[in-house]
Every structure is written in structure tokens, then in C-alpha cells.
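Results of the structural survey
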Amino acid sequence: MKDFVIFYQYIFKFEDDEIIIDPFLVDYVKSHLNERRYLHSLSVAKLAYNIAISNKLENPIKYYFTGFIHDIGKYISEEDSLKIMKEYYSQYLDLPKYAFHAFIGAYLLKNELKIDDKEIIDAIIYHTTGNKELSPLAMIIFASDKIEPTRNYDSSNMIEMMLKDYRSGFKEVVKEVELFLKDKEEENNRLSEMMYEYYLK
């Protein structure tokens with residue numbers, strides 16, 4: 001691999017097995033996240049990239065980029081989030097509020113970073129809830145978000161499964177998510193229910 005990749009207008013450099021992210025993009029993501037969430041996003045990016053590489057998927061830097069920016073809508077104010085949801089994503093207002101940041105992230109991606117790649121946008125929109133018929137990118141970002149190593153539980157087995165075969169690994173992650181949410185008695189949503197029905201039944 002050459003020592004840099006230009007993805008859209010952003011430059012990613014490769015040095016000593018590390019990816020150096022375009023400084024503008026780093027500053028943009030940091031301006032939208034706190035330190036803990038920034039480190040989470042960096043971890044999601046690295047894991048998604050490694051899963052893409054190990055599964056021999058095309059354009060692995062796309063997985064890195066999507067993982068890195070997936071949570072940029074996380075800390076937009078509730079008032080502004082609701083305004084954006086009502087104007088652009090009104091069909092999803094019935095979802096739990098914790099899912100709204102994914103839609104806000106997609107909005108920021110299109111309107112501030114000027115990226116309209118449908119596969120990336122869908123992966124961001126569904127990284128919290130999931131959905132049926134997800135692309136490989138969306139499946140890997142969803143799973144990486146749930147199992148990246150900085151999470152406070154041992155996810156090493158699921159990480160290994162994703163590295164070996166992301167499709168079968170994804171189903172195991174979905175099973176764990178379904179059990180976790182039921183144990184916590186979290187509010188269910190129709191997108192997650194469609195994901196369970198499509199991938200687990």
C-alpha cells in the first residue's frame with residue numbers, strides 16, 4: 001500500500017502501522033465530541049478498518065473514515081436535534097431519542113463535510129438501531145460500535161468472529177445486542193426489530 005490515501009478530500013497517511021488522520025478532520029471530529037467519545041470513535045475506526053482488511057473488502061479506508069465520524073451528531077443539543085429530525089427525518093420521530101444522534105450525524109456529514117455517499121450515510125444512520133438488508137459497511141460499523149475494545153466488557157470473542165467472517169460475526173453481535181437491550185428493558189424500536197427479524201429468524 002502507498003504511504004497515503006486520499007478519501008474524498010481527506011488525506012490518510014500510513015506510518016509504522018498507524019493511520020495518521022487529516023488534521024482538519026481530526027479537529028472537526030474533536031469539536032463535536034468529548035475526549036472519551038473521541039477515543040471510542042478512533043477505536044471504532046481502527047476495528048472497522050481491520051475487519052475490512054481481514055475480510056478482504058474493497059476500499060478499507062472507507063470503513064476507517066466512517067467509523068471515525070460515526071458519532072459526530074452525539075452532542076448536538078436536544079433542541080437542535082429535534083429541529084433537524086422534524087425537518088429531514090420526520091418518519092423516524094417515533095424512534096427512541098437515543099437513536100436521533102445517528103440521523104444528526106448523517107445530516108452533518110452531508111451538510112458540513114459535503115459527503116453524500118449513500119453507503120456511508122446509511123451506515124451512520126443505522127449504526128445505533130441497525131436495520132434489515134444492511135450493506136457490509138453498515139454491518140461492520142454497527143458491530144464495531146458495539147464491540148470495540150474500549151467498551152467495558154470482554155468483546156474479544158466477537159471481535160475475532162468479525163475478523164474471521166464479518167457476516168456470521170455480525171449475527172452474533174446482533175444476538176448479544178438483542179439480549180442486552182431486553183435485560184436492561186430498554187425501549188425497543190422498529191428498526192432494531194426489523195434487524196432481529198431479518199438476521200436472526
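Our subject in this report is the structure included herewith. (Residues numbered from 1 in each chain as written. Predicted model: local features only at pLDDT ≥ 70, side-chain atom pairs only at ≥ 80, totals over all residues. Heavy atoms only, no water.)

**Structural notes on the overall build of the protein**
Assigned secondary structure in the protein consists of 10 helices and 3 strands. Put simply, the protein runs from its N terminus to its C terminus through helices and strands in the order β-β-β-α-α-α-α-α-α-α-α-α-α. The globule rule puts the C-alpha radius of gyration for 201 residues at 17 Å, and the 16 Å found for the protein is close to it. Across its three principal axes, the protein shows a C-alpha extent of roughly 45 × 40 × 30 Å. Residues classed as buried in the protein amount to 53% of the 201 residues present. Within the protein, contacts between residues at least 6 apart in sequence are counted, and of these 61% link residues at least 24 apart. (Helix = DSSP H or I, 4+ residues; strand = E, 2+ residues; numbered from the N terminus. Rg over C-alpha atoms; globule rule 2.2 N^0.38 Å. Buried < 20%, exposed > 50% of the residue type's maximum accessible area, 1.4 Å probe, protein only. Contact = heavy atoms within 4.5 Å.)

**Some thoughts on the nonpolar core**
Core analysis: the biggest nonpolar cluster contains 71 residues, and Phe12, Leu25, Phe65, Phe68, Ile69 and Phe170 have the highest contact counts within it. Aside from chain neighbours lying at most four places away, what touches Phe65 is Phe7, Tyr10, Phe12, Leu25, Leu109, Ile115 and Ile120. (Core = buried A, V, L, I, M, F, W, Y, C linked by side-chain atoms within 4.5 Å.)

**Details of a negative patch on the surface**
There is a patch of like negative charges on the surface, built from Asp3, Glu15, Asp16 and Asp17. Mapped onto the elements, Asp17 comes out in the loop between strand S2 (10-15) and strand S3 (18-21). The class of Asp17 is exposed, set by a relative accessible area of 83%. (Patch = residues over 30% accessible without salt bridge, like charges linked within 9 Å, V, L, I, M, F, W, Y side chains within 5 Å. Areas by Shrake-Rupley, 256 points an atom, 1.4 Å probe, with all protein chains shown as cover. Salt bridge = Lys/Arg side-chain N within 4 Å of Asp/Glu carboxyl O. Lys, Arg positive; Asp, Glu negative; His and termini not counted. Charge placed at Lys NZ, Arg CZ, Asp CG, Glu CD.)

**Quick notes on the packing of helix H3 (residues 60-69) against helix H6 (residues 118-125)**
Two numbers describe a pair of packed helices, the interaxial angle and the distance between the axes. Contact geometry for H3 and H6: axes closest at 10 Å, N-to-C directions at 40°. Taken together, the axes of H3 and H6 lie oblique to each other. The handedness of the crossing between H3 and H6 is right-handed. Taken together, the residues of H6 that come into contact with H3 (itself represented by Lys62, Phe65, Thr66 and Ile69) are Glu119, Ile120, Ala123 and Ile124. Of the residues belonging to the contact of H3 with H6, the class tally is 5 nonpolar, 1 polar and 2 charged. (Axes fitted to C-alpha atoms, helices over the stretch in contact; angles between N-to-C directions. Parallel < 35°, antiparallel > 145°, perpendicular 65-115°, else oblique. Left-handed = near helix turned anticlockwise from the far one by under 90°. Nonpolar A, V, L, I, M, F, W, Y, C, P; charged D, E, K, R; others polar.)

**Section: the sheet that holds S2**
Pairing is antiparallel across the open sheet formed by 3 strands, whose spatial order is S1-S2-S3. Looking along the sheet, the strands with just one partner apiece sit at the ends: strand S1 (4-7) and S3. Adjacent strand axes in the sheet meet at a mean angle of 25°, parallel and antiparallel pairs treated alike. For S2 and S3, the ladder comprises 4 bridges, and the chain directions are antiparallel. If you follow Glu15 over to S3, its bridge partner there is Glu18. (Pairing = 2+ DSSP bridges.)

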